[in-house]
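Spelled out, the chains give:
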Protein chains: 6
Amino acid sequence: MFALTVRDHIMVAHSFRGEIFGPAQRLHGATFVVDLELRRAALDADGLIADIGALTQLLQEVLRPLNYRNLDEVPEFAGKNTTTEFLALVIYERVRQRILEGALGSDKGSGFHSLRVNLGESHVAWASYEGPVRA
Amino acid sequence: MFALTVRDHIMVAHSFRGEIFGPAQRLHGATFVVDLELRRAALDADGLIADIGALTQLLQEVLRPLNYRNLDEVPEFAGKNTTTEFLALVIYERVRQRILEGALGSDKGSGFHSLRVNLGESHVAWASYEGPVRA
Amino acid sequence: MFALTVRDHIMVAHSFRGEIFGPAQRLHGATFVVDLELRRAALDADGLIADIGALTQLLQEVLRPLNYRNLDEVPEFAGKNTTTEFLALVIYERVRQRILEGALGSDKGSGFHSLRVNLGESHVAWASYEGPVRA
Amino acid sequence: MFALTVRDHIMVAHSFRGEIFGPAQRLHGATFVVDLELRRAALDADGLIADIGALTQLLQEVLRPLNYRNLDEVPEFAGKNTTTEFLALVIYERVRQRILEGALGSDKGSGFHSLRVNLGESHVAWASYEGPVRA
Amino acid sequence: MFALTVRDHIMVAHSFRGEIFGPAQRLHGATFVVDLELRRAALDADGLIADIGALTQLLQEVLRPLNYRNLDEVPEFAGKNTTTEFLALVIYERVRQRILEGALGSDKGSGFHSLRVNLGESHVAWASYEGPVRA
Amino acid sequence: MFALTVRDHIMVAHSFRGEIFGPAQRLHGATFVVDLELRRAALDADGLIADIGALTQLLQEVLRPLNYRNLDEVPEFAGKNTTTEFLALVIYERVRQRILEGALGSDKGSGFHSLRVNLGESHVAWASYEGPVRA
């Protein structure tokens, strides 16, 4: 199995609801360093998993609406705790949707195996979600 | 699959028995940067894999009896080479035991899938063990 | 010249005023990985620049009132842009003050030369302030 | 499952054929930081996945004929794009072959499970190939 | 003294002349991870050393003509060994020239103290040049 | 000013005397990732600060007698706490001596400005010593 990873980042504010979160119930923020890993069983005719430029641009486009935001005010996250692991899932789903729509080529992801999205929140903690490209 | 990782470290002395170890047969030491990864198929009601504070504390508690020790003098390692990969297994087993005892909540780990413990021994070498939380 | 550095981090929300900041004028956030470097011309009688445990604790204490905060609501920052470089200066000043009050020993910093505080805001950007311990 | 990883690097020139590569169609180059991960279900009698010295030497020997080369002039790569992911496969195959020939011991790899080769091409991109040691 | 650093990278081919270079006399290549550090004694009215977006863009523009190139064919490097340290100086000079021309604002660098350019060539080697912004 | 840095590491055991060291008074150990930085005002005729191969070899030779040792039993450290900062000084002195003896060329260091030796003891702490090559 092959895998290609590209890295970008977002800077967001948010707060959490639930006693378990302690001081993180207050409005605070995070830099999330986002690693997007795309897996594929065989290389394409160019010797690639995917065009690294296209993959980098896809990640940027998925991250743009989240970047420089207070996630507490983003309507689709209403009633949710935007934890690191939750955001990893959200980014996975949005990247996957874009691939199925053809963002990485006309085969719409039929050659891809799976995705893994990892969010580094500090030098001592990170969280990820991985799942298939096609159900 | 979701995964959450936290990082800590220990500083230990030890020596190895066996010609294959060359100069590492002498008493020497290591800093092990320890990454504990906990995997789970679905998030809990708070949107979490586990409370990151509780996971960090669990790792600290498991590492404390190993830290600032000469592992050659630790009774339970008698007759064993405390290699990086062996210590990854030891830490996995101790973390797993603590989870089964309820350290990460009253469900005693029933929601968790697996653990991975990675020990970085330098900028050019690391070793890990991964296995299930429940047998 | 000797130098000792310890690392910790904070997670904050803030916004900036001024057109130059573009989308960062919106409420957003950051993880700042904070490196505190303490410089000294000669080692003390124990062979140390400073007790690393005491230096780590000092940094934690200085960071605690900033951590998990919306810096826009912190009274002493009113009317200021809490940029990465500005926060490096703030942390420098507070660490320096604590040293002068004796946090690292009864000599109240007379043996120390200078401090450098670096804040990593992402994998591609960081900012620092350095200055003397004694004026 | 246990895993042991060692790190080395190569510095190569190459160019790519195909419009998708844009400016990378020109002769350029890369430092590839190569991580070789070897997996094994159980430790050997010494408490090891493999002798770390032997694994490091095996990686060096596999990398040597690639290092300080213009890959466009390497006969076995004629007609191929030597992309990061393609090179990960090449290094995997060569490491695997050496293990099957006995480079890590007389059991010729019968105890090993799988290999993963990761090539870091920059601080924001990397690619890997993983596969079995024995077919 | 304040300092702000931004990171980018280039991927180049080159060869060296001189026996001291051994196998690096052959055409090979490198990824250089480039850190540009800008120092300033006092913050500007916005609380900044410089606009991080403008500094990032300035570095990109200086790196663009070097990226994806065979440096052996770049006319201005004829007769020179494009070593890591030499390239650090080249990038320093070009960044400095752009600052003096006003790339970071109408004051044309009068507020800046010095620059440091560091090029990481691998996980085990890097080189830098530092010098003043104004002579 | 130019600077060239190379990285290597040692794995040692030691203990400290003095109540300030707490649990580190017990025999324990450390991996020290050692960065050797050599500074020079102008490049040599080859476009170099120093031959990177020679600098890497010099560092290896200086580290070899320390590696895989219990520093408590090294005669020249008798009565000393082999703290991270103390070891940075020791390595600086030994590298400097080797340069003055001609290890980096027949000019015996007359072209060099200064050295900085940094020892990383974990992902959250490091210490360094810097000083001139010629007194």
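All chains use their own residue numbering, which begins from 1 and follows the written sequence. Whichever chain is written first is A, and whichever ligand is written first is 1; the rest continue in order. Totals for whole chains, interfaces and linings use every residue, but because this is a predicted model, local features are given only for residues with pLDDT of at least 70 and side-chain atom pairs only at 80 or more, for both listing and counting. With hydrogens and water set aside, each side-chain value is computed from the structure's full complement of heavy atoms.

Enquirer: Could you give an account of the packing of helix H1 (residues 52-63) of chain C against helix H2 (residues 84-100) of chain C, naming the residues involved and the relevant values?
Expert: Residue and element names in this part refer to chain C. All axes here are fitted lines through C-alpha atoms, helices being fitted over the stretch that makes contact, and every angle between N-to-C directions spans 0 to 180 degrees. By definition, any uninterrupted DSSP run of H or I lasting at least four residues is a helix, any uninterrupted run of E lasting at least two residues is a strand, and each is numbered from the N terminus. At a closest axis distance of 10 Å, the pairing of H1 and H2 adopts a crossing angle of 125°. Between H1 and H2, the angle falls in the class oblique. For the crossing formed where H1 meets H2, the hand is right-handed. Note on element contacts: H2 touches H1 through Ile91, Arg94, Val95, Arg98 and Ile99, opposite Leu58, Leu59, Glu61, Val62 and Leu63. Residue composition of the contact of H1 with H2, by class: seven nonpolar, no polar and three charged. Note that the term roughly parallel is reserved for angles under 35 degrees, roughly antiparallel for angles over 145, roughly perpendicular for angles of 65 to 115, and oblique for everything else. Take the far helix as your reference; a near helix turned counterclockwise from it by less than a right angle gives a left-handed crossing, and one turned clockwise gives a right-handed crossing. What makes two residues a contact is simply this: any of their non-hydrogen atoms within 4.5 Å. As a working rule, the residues Ala, Val, Leu, Ile, Met, Phe, Trp, Tyr, Cys and Pro are called nonpolar, Asp, Glu, Lys and Arg charged, and the rest polar, with Gly in that last group.

Enquirer: Which residues make up the side chain of Glu37 of chain D, and what values go with them?
Expert: Here Glu37 of chain D lies in strand S2 (residues 28-40). The cut-offs for exposure are 20% and 50% of the maximum accessible area for each residue type, with area from a 1.4 Å probe on protein chains only; residues under the lower value are buried, those over the upper are exposed, and the others partly exposed. Among the residues examined, Glu37 of chain D registers a relative accessible area of 11% and is labelled buried. Among the polar contacts listed, one links the side chain of Glu37 of chain D to the side chain of Arg39 of chain D, at a separation of 3.0 Å. Apart from residues lying up to four places away in sequence, Glu37 of chain D is in contact with Arg116 of chain B together with Ala3, Leu4, Thr5, Ser114, Leu115 and Arg116 of chain D. N or O atoms within 3.5 Å of each other form a polar contact, as long as, within protein, one can give a hydrogen and the other can take it, and as long as residues adjacent in sequence are counted only when both atoms are side-chain atoms.

Enquirer: Account for the sheet that holds strand S1 (residues 2-14) of chain C, with residues named and values stated.
Expert: Reading around the circumference, S1(C)-S2(C)-S3(C)-S4(C)-S1(E)-S2(E)-S3(E)-S4(E)-S1(F)-S2(F)-S3(F)-S4(F) is the order of the 12 strands in this closed barrel, with antiparallel pairing throughout. Averaged over all neighbouring strand pairs, the angle between strand axes comes to 25°, with direction disregarded. Here eight bridges tie strand S2 (residues 28-40) of chain C to strand S3 (residues 112-122) of chain C, and the two strands are oriented antiparallel to one another. Residue pairing across strands places Val33 of chain C opposite Gly120 of chain C, the latter belonging to S3 of chain C. Sitting on the sheet, H1 of chain C touches S1 and S2 of chain C together with strand S3 (112-122) and strand S4 (125-132) of chain F, and the angle it makes with S1 of chain C is about 20°. Across the sheet, H2 of chain C is in contact with S2, S3 and strand S4 (125-132) of chain C together with strand S1 (2-14) of chain E; its angle to S3 of chain C comes to roughly 145°. For two strands to be treated as a pair, DSSP must find at least two bridges joining them.

Enquirer: Pulling in residues and values, what's your account of the environment of Ala13 of chain C?
Expert: Within the secondary structure layout, Ala13 of chain C lies in strand S1. On a C-alpha basis, the gap between Ala13 of chain C and Leu71 of chain C in space is 6.0 Å, while along the polypeptide they are 58 residues apart. Apart from the residues within four sequence positions on either side, Ala13 of chain C is in contact with Ala13, Leu27, His28 and Gly29 of chain A together with Leu27, His28, Gly29, Arg69, Asn70, Leu71 and Asp72 of chain C.

Enquirer: I'd like a rundown of the interface of chain C and chain A, residues and numbers included.
Expert: A common way to express how large an interface is: the accessible area buried when the components associate. With 23 residues of chain C at the contact, the number on the chain A side is 23 residues. What gets called buried area is simply the loss in accessible area from a 1.4 Å probe that two parts show on being joined, summed for both. With both chains or domains summed, chain C and chain A bury close to 1,900 Å², and 63% of this area falls on carbon and sulfur atoms. Three residues, Arg26, Tyr68 and His123 of chain C, lead the burial of chain C against chain A; their summed loss comes to 29% of the area buried on that side. Take a side-chain nitrogen of Lys or Arg and a carboxyl oxygen of Asp or Glu: if they are within 4 Å of each other, that pair is a salt bridge. Our enumeration of links across chain C and chain A arrives at zero salt bridges. Linking chain C with chain A are 11 residue pairs in polar contact (both at pLDDT 80 or more).

Read these as spatial facts, not as claims about activity.
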